[in-house]
Structure formats: C-alpha cells, structure tokens
Amino acid sequence: MRIKAKIAVFALALALICHGCGVYSFTGASIPAEAKTVSVDYFPNHAQLVNPLLSNNLTEALRDAMTNQTTLDVIESGGDLAFEGEITDYRTTPVAITAGQTAAMNRLTITVKVRFSNRIDETKDFEQSFSRYEDYPSDQELSSVQESLTATIVEQLVEDIFNKALVNW
C-alpha cells in the first residue's frame, strides 16, 4: 500500500509541475498552453545559386515538424506561433585541398534566415540565421548528390529551428 501511495504522490507532483509550466510533449517542446495554432510561411530562395526544390522542401519539412511534434493546428498565416524567413545562401566550396592543389572534398552549405513570433510570449521572438553543411567527395558532381545532401541539411536545419523556437533547454 505504501508504494502505491508514493507513486500517486509522485504522479500528482509531476502533473502539477508540468501543468504550471506550459504544455510539454515527448519531443521536449515547451509550448504555452494558450497557443493553439502555428503558421509557417513559404521560405523563398534568395541565394545566388538556386536549387528549385529547396524552398518547398524546407517549408514543408518545417510544417511537418510542427504537425508531427506538436499538438498545434498548422494554419496558413497568423498563427499563435509563426515562422517566416528566407533561404539566404546555397553554395558549394572546396574544403580538403590535396598536395596537387585540387579539392578532395567539397562542402554544400545552406543558410536560412528565420523570424519567429510567439504571440503568447513575445520575449520568445527571435530573428536568426541557421546554417548547416554536408561534405561530399570532389569526384562526384553536385547534381548527383544534391538531393540526398539537401534532404539531410534540411532535416538538420528544421531540428535547429524547432529547438530554438520551442525547446527551452
């Protein structure tokens, strides 16, 4: 009987702690209880080198993260939580130079500028650039590895953006 009482007290204490601090999910997101909606505007590509699928892939990946990792309703615009921004850089550069002055590895870098608005708690608003990269062998053409590299980079960028906006670690 004592163990059941201890478990009940622990469960009650945990419930009170979580209730007092907002809504928590198993992803670690801390979302204000008053927030019901999130909007993710289309992220246009303003980089000098344009990957025609990148804007749509990034926007949809961020919307999917909001759908899959929160209980918020994703709406077109004006959400309680709102994301907007643009892709500011998409480039490939040599990173590992061999003795013959040729590149052994190249690096694809994507940078995204994000503006996050939290209409419930404006102290959580931010404007920040996020950048991620992946390296690939220089004997491969970018066009042959671009799809898999950008998918990996977009996944990392979305995780960074999600964590900055909704995970208060």
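This is a predicted model, so every value here is computed, not measured.

Conventions adopted
Residues numbered from 1 in each chain as written. Predicted model: local features only at pLDDT ≥ 70, side-chain atom pairs only at ≥ 80, totals over all residues. Heavy atoms only, no water. Core = buried A, V, L, I, M, F, W, Y, C linked by side-chain atoms within 4.5 Å. Buried < 20%, exposed > 50% of the residue type's maximum accessible area, 1.4 Å probe, protein only. Helix = DSSP H or I, 4+ residues; strand = E, 2+ residues; numbered from the N terminus. Contact = heavy atoms within 4.5 Å. Pairing = 2+ DSSP bridges. Axes fitted to C-alpha atoms, helices over the stretch in contact; angles between N-to-C directions. Expected span 1.5 Å × (residues − 1). Bend = angle between axes of the 7 residues up to and from the residue.

Engineer: Pulling in residues and values, what's your account of the nonpolar core?
Structural biologist: Counting residues in each nonpolar core, the largest one holds 37 residues, and the members touching the most others are Phe-83 and Leu-166. Breaking this core down by element, the ones donating at least two residues are β3 (37-40), α2 (54-69), β5 (81-97), β6 (103-118), β7 (126-137) and α3 (142-166). Top contributing element to this core by residue count: α3, with 11 residues. Phe-83 has contacts with Val-38, Ser-39, Val-40, Asp-41, Leu-62, Met-66, Val-114, Arg-115, Phe-116, Ile-161 and Ala-165, leaving out every residue within four places of it along the chain.

Engineer: With reference to specific residues and values, describe the sheet that holds β7.
Structural biologist: The strand order across the open sheet formed by five strands is β4-β3-β5-β6-β7, and the pairing between neighbours is mixed. The two strands at the open ends of the sheet, each matched to only one other strand, are β4 (73-75) and β7. Across the sheet, the mean angle separating the axes of adjacent strands is 30° when strand polarity is ignored. Pairing of β6 with β7 involves 12 bridges; the strand directions are antiparallel. Each residue of the ladder has a partner; that of Thr-111, found in β7, is Ser-131. Each of β3, β4, β5 and β6 touches α2; the most contacted strand, β5, lies at about 125° to it. On the sheet, α3 packs against β5, β6 and β7 and is oriented at approximately 150° with respect to β7.

Engineer: Account for α3, with residues named and values stated.
Structural biologist: Between its first and last C-alpha, α3 extends 34 Å over 25 residues, near the 36 Å set by a 1.5 Å rise per residue. Of all bends in α3, the biggest is about 30°, found at Ser-148. All buried positions along α3 are accounted for by Leu-142, Val-145, Leu-149, Thr-150, Ile-153, Val-154, Leu-157, Val-158, Ile-161, Phe-162, Ala-165 and Leu-166. Taken together, the buried residues of α3 touch β2 (30-31), α2, β5, β6 and β7.

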